[in-house]
Amino acid sequence: SIVAYGISKSPRFTSIIIDDEKGAYDVTRHLMSFGHKKIGVIAGAVDNFHTQKRIKGYQKALFEEQILFNPDLISYGNWKRDSGFDKTKKLIKEGVTAIFCMNDTMAAGCYDYLYEYDIKIGQDISVVGYDNKEISEYLRPSLTTNDIGLANIGKKAAEIIVKNLEDKDSKKYINAKLIELPCHLISRESVGKVMQ
């Protein structure tokens, strides 16, 4: 059996997930390539697997650039738009130049706050989301985000099921415990160079 986009507690099941650590690492490196060093994070729920892996990727990117990790720059939300709004207020007070939102829904809430206070996205501050939900294209400016490729997860799961069915007699089951598929960064208009 296969668990798609989740982790099975049973070692008998193959789990297919996205490579959240590498995805968050790529997002953070992308912001750094525009000169950002003080990068705030609107994270998901604190005890969530995806949240933990994405924070690890964010920390790895900071470490490589010898930027000291500051836990005050991570604000835990609940994956919903209102928490994106609330957490943006805290991060703006911390003086961040960019905000990495761990999903596009919270990024939309971040946009709401920035619009309300006339902070220009892509100019005064950069914003990145995660998931590449439909909303990311319709936000203005369009949101730079990470495409998690849910269709690829489904495709990979189907491939494994078919392969195992074909090899049933030969007992050559694909029995990987964990398969991590890559994300794909989509660069749009919400990221700009750091204002000097």
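Placed above this text is the structure.
Rules used throughout
Residues numbered from 1 in each chain as written. Predicted model: local features only at pLDDT ≥ 70, side-chain atom pairs only at ≥ 80, totals over all residues. Heavy atoms only, no water. Helix = DSSP H or I, 4+ residues; strand = E, 2+ residues; numbered from the N terminus. Buried < 20%, exposed > 50% of the residue type's maximum accessible area, 1.4 Å probe, protein only. Contact = heavy atoms within 4.5 Å. Pairing = 2+ DSSP bridges. Axes fitted to C-alpha atoms, helices over the stretch in contact; angles between N-to-C directions. Phe/Tyr/Trp six-rings, centres within 6.5 Å; stacked < 30°, edge-to-face > 60°. Lys NZ or Arg CZ within 6 Å of the ring centre and 35° of its normal.

Section: the side chain of S142
Moving on, step 1. Along the polypeptide, S142 turns up in the loop between α5 (135-138) and β7 (145-147).
Moving on, step 2. Overall, the relative accessible area of 10% leaves S142 in the buried class.
Moving on, step 3. For S142, the contacting residues outside a window of four places in its chain are Y111, S136, E137, R188, E189 and S190.

Observations concerning the sheet that holds strand β6 (residues 126-128)
Moving on, step 1. On the basis of which strands lie adjacent, the open sheet formed by four strands has the order β4-β3-β5-β6 and parallel pairing. Sheet topology places β4 (74-76) and β6 at the edges, where each strand pairs with a single neighbour. For this sheet, the mean angle separating the axes of adjacent strands, direction not counted, is 15 degrees.
Moving on, step 2. When strand β3 (residues 39-43) meets β4, the two strands line up parallel, connected through three bridges. Bridge pairing in β4 places V41 opposite I74.
Moving on, step 3. Here helix α3 (residues 81-93) sits on the sheet in contact with β3, β4 and β5 (98-101), set at roughly 155 degrees to β3.

Some details on the sheet that holds strand β1 (residues 2-4)
Moving on, step 1. An order of β1-β2-β8 is seen for the three strands of this open sheet, with the pairing classed as parallel. The strands lining the two open edges of the sheet, one partner per strand, are β1 and β8 (178-181). Sheet twist, expressed as the average angle between the axes of neighbouring strands with direction ignored, equals 20 degrees.
Moving on, step 2. Across three bridges, the pairing between β1 and strand β2 (residues 14-18) is parallel. Within β2, the position partnered with V3 by the bridge is S15.
Moving on, step 3. In the packing of helix α6 (residues 150-166) onto the sheet, the strands contacted are β1, β2 and β8, and the crossing angle to β2 comes to about 160 degrees.

Remarks on the packing of aromatic side chains
Moving on, step 1. Applying the stated criterion to the full structure yields five aromatic pairs.
Moving on, step 2. Geometrically, the ring pair formed by F85 and Y113 is edge-to-face, given 5.3 Å between the ring centres and 75 degrees between the ring planes. Here the residue F85 occupies a position in helix α3, and Y113 occupies one in helix α4 (residues 104-116), the gap between them amounting to 28 residues.
Moving on, step 3. What makes F85 partly exposed here is its relative accessible area of 24%.
Moving on, step 4. Classification of Y113 as buried rests on a relative accessible area of 8%.
Moving on, step 5. Centre to centre, the rings of F100 and Y130 are 6.1 Å apart; their planes meet at 35 degrees, and the pair counts as tilted. Of this pair, F100 sits in strand β5 while Y130 is found in the loop between β6 and α5, placing the two residues 30 residues apart along the sequence.
Moving on, step 6. Residue F100 is classed as buried on the basis of its relative accessible area of 0%.
Moving on, step 7. Through a chain of ring-to-ring contacts, three or more aromatic side chains come together here, namely F85, Y113 and Y117.
Moving on, step 8. Above the plane of the ring of Y25 lies K60, whose end atom (NZ or CZ) is 5.2 Å from the centre.

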